Amino acid sequence: LDVDGLERPFTVSSIALSYPDEERMYIGVERGQLLCVDISHIVQAAKTLRTEILHRKESGEAAAVISGRIFEEMPKPCNKPEYVFKLKSQWMMH
């Protein structure tokens with residue numbers, strides 16, 4: 001976890017998601033800091049993938065979806081900027 005504003009090394013002691021939108025992640029660290037991180041772009045990308053999978057399931061690819069073969073065709077996370085990036089905190093309390 002790489003978040004602006006936190007000096008390393010640090011230990012995350014708790015993580016929570018906002019509800020019902022789940023677009024903000026609240027992180028507590030052992031030094032007593034609490035911060036909020038906007039993860040809306042990650043959530044939106046996941047929702048887009050979910051919609052694509054459901055569409056493919058409804059359009060005749062149900063067997064591939066159920067067996068998991070559909071995931072073999074999807075992009076895999078790797079060491080690229082789309083998957084490895086620094087998160088900016090919206091706010092932080094010390």
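Attention in this report is confined to the structure presented alongside it. (Residues numbered from 1 in each chain as written. Predicted model: local features only at pLDDT ≥ 70, side-chain atom pairs only at ≥ 80, totals over all residues. Heavy atoms only, no water.)

Moving on to the overall build of the protein. From N to C terminus, the protein includes two helices and four strands. For the protein, the sequential pattern of α-helices and β-strands runs β-β-β-α-α-β. The C-alpha atoms of the protein give a radius of gyration of 17 Å, which is well past the 12 Å a tight globule of 94 residues would have. Based on the C-alpha atoms only, the size of the protein along its principal axes is roughly 55 × 30 × 20 Å. By the burial criterion, 24% of the 94 residues in the protein qualify as buried. (Helix = DSSP H or I, 4+ residues; strand = E, 2+ residues; numbered from the N terminus. Rg over C-alpha atoms; globule rule 2.2 N^0.38 Å. Buried < 20%, exposed > 50% of the residue type's maximum accessible area, 1.4 Å probe, protein only.)

When strand β1 (residues 12-17) meets strand β2 (residues 24-29), the two strands line up antiparallel, connected through five bridges. Counted as the bridge partner of Leu 17 is Met 25 from β2. Connecting β1 to the next strand, β2, in antiparallel fashion are six residues, including Glu 22 with a positive phi near 55°. Alignment of β2 against strand β3 (residues 34-38), held across five bridges, turns out to be antiparallel. Looking across to β3, one finds that Met 25 is bridged to Val 37. The hairpin turn running from β2 into β3, its antiparallel successor, is four residues long, and Gly 32 in that turn takes a positive phi close to 95°. (Pairing = 2+ DSSP bridges.)

Opposite charge on two side chains lets them pair, provided their charged atoms get close. For the structure shown, the criterion picks out two salt bridges. Here Arg 56 and Glu 52 are joined by a salt bridge, their closest N and O atoms 3.7 Å apart. Linking Arg 56 with Glu 52, this pair stays in helix α1 (residues 40-67), spanning four residues, or about one helical turn. Judged by relative accessible area, Arg 56 falls into the buried class, the value being 14%. Look at Glu 52 and you get partly exposed, because its relative accessible area is 36%. (Salt bridge = Lys/Arg side-chain N within 4 Å of Asp/Glu carboxyl O.)

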